[in-house]
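Summary of the model geometry
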Amino acid sequence: MNLFALSGLLTGLSSLAMGIFVLSTDRSSNLKRLWFLFTGSVAVWGFGGMWIALERDEAMALLAWRVAFAFGVVWIPILFFHFVTTFCELRQRKLLLVNYAVGAVFFPLILVSPWFFGGVRFVFSSFYYSIPGSALFHLFFIWWVWLVIYAHYQVFKLFRFASGLKRNQYKYFFAAVSLGYFTGSLDYLPIYGIDFYPYGNFGIMFYPIIMTYAIVRYRLMDITVVLHKGLTYVVLLGLIFVPAYLAIVISERAMLASMPPLLVGTLVFACGLWVLFKSPREVAHITFGLVCLGACLWLFGFFMVYSSKEPAEALFWGKFVYVGVVYIPAFFYHFTVSVLRLKEGNRLIWACYLISTAFLSLVPTTYLLDGQYSYFWGHYPKAGVLHPSFLIYFAMVSGLSLHRLHQGYKAREQSAPLEARRLKYIFWSFVLGFGATLDFVQNYGFESYPMGYLFVSLWACLVTYAILKFQLLDISLTLTNRKFLPYTRPLALICSFYFLTLLLIFLFTGTTQYVLAGILVATFSLLADLLANLQKKMEKAIGKALFKKRYDAYETLTEFSKAMVAILDLQALNAKIMETLSKVMGIKKVSLFLLDKEGGYFFLAAGHGVDEKRLREVKILSRVPFVQFLFDTSGPILREELEHNMDAVPVQDIVKLKGILDTLSQIESELCIPLVNKEVVIGFLNLGHKSNREMYSEEDLELLSALGQNLAIALDNALLHEDVRRQKTLMRRTDRLRSLETIAGGFAHEVRNPLTSIKTFIQLTPERKDDPDFIGRFGSVVSEDVARIERLIQEILDYARYMEPKLTEENVNELVDSCVYFVGVKATSKSVTLEKDLAGNLPRVMLDRQQIKQVVLNLVLNAMDAMGEGGGLLVVKTRPLAKPAGESWVQIEVGDTGCGIAPDDLDHIFDPFYSTKHESEEREGTGLGLTIVHQIVQEHGGYVEVESTVGRGTTFFVNLPINPLKTQRRPREGEALEGTGPGGRG
């Protein structure tokens, strides 16, 4: 088999397969039927080229040329032109009929007339190539080239005047077919005596792959994506056909004596590859794969040695065997160390690799292998002078490895029985495998057929069994229904595949190789799991290697799609969305509209590169057809695609579609991504043109669709977080206003005395205005009282007005003292005795004065409520906290002698809306007070503790760090207060 035959086979298979695939998507489409006929004509030429390349008879080669041209080549430009007229919507019916007539005239002349082909000549020392018979062939060539160029010209002309989606369709269609025709036309050169090998057939494979992907999507997408897919398919075809081609070479050498090592080598290769791909980053899996590789090189090498007829060739392959054998001890010891997870032994690993490399350097010389023996089954390498030293090294390292494995499983029998069982199977499988070392005796002249392959096959089977049953090397094989289903169809088709393989081998070699066909079927069956995922992995690898910019952009968007769910700040999330899409995807205009639930309309929430002033005036009602269309579509909406499909829309829906297009135009959207969460459209993301004016590819749309789904969840979470934040702000404000009732009583008491002095001063001033002592002394008193009233009013206003937390350095004692003073009037009215114990050595603390006042007031008022009308003792204390790490904290204690809190309620007192004050004459319990206390203290980097005994009272401890920006943790268990016992509660 030669390259021309291989290229013909690949061209035929790819063209025919892609044509059938396209037709199967919509058999009623005239465009797809024409594509199938066109690719069919290309496939006829491809298979005809394979026939030509393999034919050894001159007369049959000429017949092959006639058949390939009559049934394939002559129709290629005609069907292509017909396809172009349909695809580009051209009216060329008369010219099309003329060309079909020309094809009909050429058809019989090519088949039977000597005027077209005058004969064939043997070229490239490989196959027969046609010779023009007369001017008729030259006329055919001119007509063929003219029609191809004319069809390309029609596409190019439309491309120049088209715009948007159509322009991109024409552009990529032109690029794809130009590639195919340019490379394929090189096959004409040898016909005219220019002996350039017809490599062009390999290029023909690209255009059906590119065009098929484009037609199925009917977008003729970004060319990089197409090449990405195309290259993947080409590589996959290579992976399928190159092993087949190598198998054909092997089949010509297959003999009864050489087949056993080949079969066992295939089994070992499949086992090693399977284990490696199950976890390609684990050292144990890698080293096991290397052991299998060494065994495979040994077995495949001996296959070539046994089947070699020439002594020189056998000697070469005999030395090749040792390329794998010399490294087996190093690989095995490295595997042992990794599977036992030994920390020591790295130096010995490197020493083994160095020694193996030293023996490898001896392979080309006569020191390791010196000639060869000729036995009844074939040739065999002869040991050199240093071969015994290699055997000593092999035995020592292998014995040490087995010894360590034995020690390993014995040591784990009690502590880790499952691990011990795994190691036991590894140990005994390698003990059996090293029985293959008996094959070294033939290196010293003992003529007995090497049976080492039997021990290797037992080793491979035992390892596979252990993997399946005992999860050897931590590989689990769970045959669930879902995982098993993908294998049912290949197993059902295995017989068909076997006979197809036999047919291909017969076409290539002219012989029927039953064993070889079975080997191929078994190999591909063993690798089915690998091949099932190979396309995706290959696409990723090709994309990363050749289209790095696009790959990096997709990776960035994918990571952002996962990470943005954790962003709860709405403004930060909106800004991140704008920045990421504009920067990574190169989009000029990005805007985000979100739903205003109360107003029932969508408004501009964020924008980049758009006229934000104008768009903020746009309000899209939530019940208009546009929003319903977004909900029904639930995927990216491309404006150009809607415009392109206007003709296919029913008449009754045209007005609706025009309204949708007008809305998209109004909000400057080329691509609109609906954001749907919980069956509600919460917004939509609008993208403009890319900066390079490229169309959005299918991969772009799939990625943006997934991004939209995550974005909808992220935005919904951020909106909920925003609502919760507003609710918390409202809760705090409400709680402050509720506390003002109590503060007002204290304020009235506090203001009464200053007002009395002021009133007295006003009353006495007319009578004693001439008394300087009275005016001076009383005037200063009145001035101080007025200032005092102003400060009290300002305190109440600050307390009632909620502000964002603002940390300032404050004296905690002064803050607590002011709170206690305010509740003094209420405490007296309820017969509550207030007791203060404020530490004199208390450091100043960074805190929000109004928020901590709210905390203290809440706790003090709750304490008075708990004691009821009977009164009691309310104790308020402050003290410094001593920390082992040297950090400074302050504690505020508020205790009462009230009714106490039941143990079942104690765990829930900080829960929102959980209250034990269901009935209260003065303050109805809402269950928000302690929740707010807990949250405020947490925001200051502190924590709240509580102790309570039913019938005896409750004590709250508010613990605050001196600097909350540096300290954001709870104290460790056992930390104490200065001058107190354990727990710091005196």
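Because the structure is predicted, anything quoted here is derived from the model rather than measured. (Residues numbered from 1 in each chain as written. Predicted model: local features only at pLDDT ≥ 70, side-chain atom pairs only at ≥ 80, totals over all residues. Heavy atoms only, no water.)

A count of helical and extended segments in the protein gives 35 helices and 17 strands. The buried share of the protein, taken over its 986 residues, is 49%. For the protein, contacts bridging at least 24 residues in sequence account for 71% of all contacts bridging at least 6. Of the roughly 48,300 Å² that the protein leaves accessible, carbon and sulfur atoms contribute 61%. (Helix = DSSP H or I, 4+ residues; strand = E, 2+ residues; numbered from the N terminus. Buried < 20%, exposed > 50% of the residue type's maximum accessible area, 1.4 Å probe, protein only. Contact = heavy atoms within 4.5 Å. Areas by Shrake-Rupley, 256 points an atom, 1.4 Å probe, with all protein chains shown as cover.)

Here the focus is the packing of helix H14 (residues 328-340) against helix H17 (residues 417-433). Helix-helix packing is described using two parameters, namely the angle between the two axes and the distance between the axes. Between H14 and H17, the least distance of the axes is 12 Å, while the angle of their chain directions is 170°. Accordingly, the angle class assigned to the pair H14 and H17 is roughly antiparallel. Here H14 contributes Phe332, Phe335, Val339 and Leu340 to the contact with H17, which in turn contributes Glu419, Leu423, Ile426 and Phe430. Of the residues assigned to the contact of H14 with H17, the class counts are 7 nonpolar, no polar and 1 charged. (Axes fitted to C-alpha atoms, helices over the stretch in contact; angles between N-to-C directions. Parallel < 35°, antiparallel > 145°, perpendicular 65-115°, else oblique. Nonpolar A, V, L, I, M, F, W, Y, C, P; charged D, E, K, R; others polar.)

Our next topic: helix H5 (residues 93-112). Here H5 spans 30 Å end to end across 20 residues, near enough to the 28 Å set by a 1.5 Å rise per residue. Taken as a whole, H5 has its buried residues at Leu96, Asn99, Gly103, Phe106 and Ile110. Among the structural elements, helix H3 (58-71), helix H4 (76-87), strand E1 (117-123) and helix H6 (135-161) are those in contact with the buried residues of H5. (Expected span 1.5 Å × (residues − 1).)

Across the 7 residues of strand E5 (residues 590-596), 6 count as buried, placing the element largely inside the fold. For E5 and strand E6 (residues 601-608), the ladder comprises 7 bridges, and the chain directions are antiparallel. Bridged to Asp596 within E6 is Tyr601. If you look at the hairpin formed by E5 and E6, you'll find 4 residues sitting between the two strands, and Gly600 has a positive phi there, around 70°. (Pairing = 2+ DSSP bridges.)

A few words on the sheet that holds strand E7 (residues 620-621). Ordered by their spatial adjacency, 6 strands build an open sheet running E7-E6-E5-E10-E9-E8, and the pairing between neighbours is antiparallel. Looking at the sheet topology across the chains shown, the edges are occupied by E7 and strand E8 (637-638). Strand direction decides the pairing type here: strand E9 (residues 671-677) and strand E10 (residues 680-687), joined by 7 bridges, are antiparallel. Of the residues in E10, the one forming a bridge with Ile673 is Leu685. Its contacts with the sheet put helix H24 (residues 570-584) on E5, E6 and E10, and the angle it makes with E5 is roughly 150°.

Our next topic: a nonpolar patch on the surface. The grouping of Leu3, Ile194, Phe196 and Tyr199 at the surface amounts to a nonpolar patch, some 380 Å² of accessible area in total. Within the element layout of this structure, Tyr199 appears in the loop between helix H7 (164-185) and helix H8 (200-204). Judged by its relative accessible area of 42%, Tyr199 is partly exposed. (Patch = residues over 30% accessible without salt bridge, like charges linked within 9 Å, V, L, I, M, F, W, Y side chains within 5 Å. Salt bridge = Lys/Arg side-chain N within 4 Å of Asp/Glu carboxyl O.)

With that settled, consider the pattern of salt bridges. Across all of its chains, the model carries 10 salt bridges by this definition. Between Arg844 and Glu809 there is a salt bridge; the shortest N-O distance is 3.5 Å. Of the two residues, Arg844 is situated in the loop between strand E12 (832-838) and strand E13 (845-847) and Glu809 in strand E11 (residues 808-810); the sequence distance between them amounts to 35 residues. When its relative accessible area of 43% is taken as the criterion, Arg844 is described as partly exposed. Note that Glu810 is salt-bridged to Arg849, the shortest N-O span being 3.3 Å. Within this pair, whereas Glu810 is found in strand E11, its partner Arg849 is found in helix H33 (residues 849-867), the two being separated by 39 residues in sequence. Here the salt bridges share partners, and the residues they tie into one network are Lys589, Arg614 and Glu668.

This paragraph deals with the sheet that holds strand E14 (residues 872-882). Pairing is mixed across the open sheet formed by 5 strands, whose spatial order is E12-E14-E15-E17-E16. In this open sheet, the two edge strands, each paired with only one partner strand, are E12 and strand E16 (943-949). In this sheet, adjacent strand axes meet at a mean angle of 15° when their direction is disregarded. As paired strands, E12 and E14 are joined by 7 bridges and run parallel to one another.

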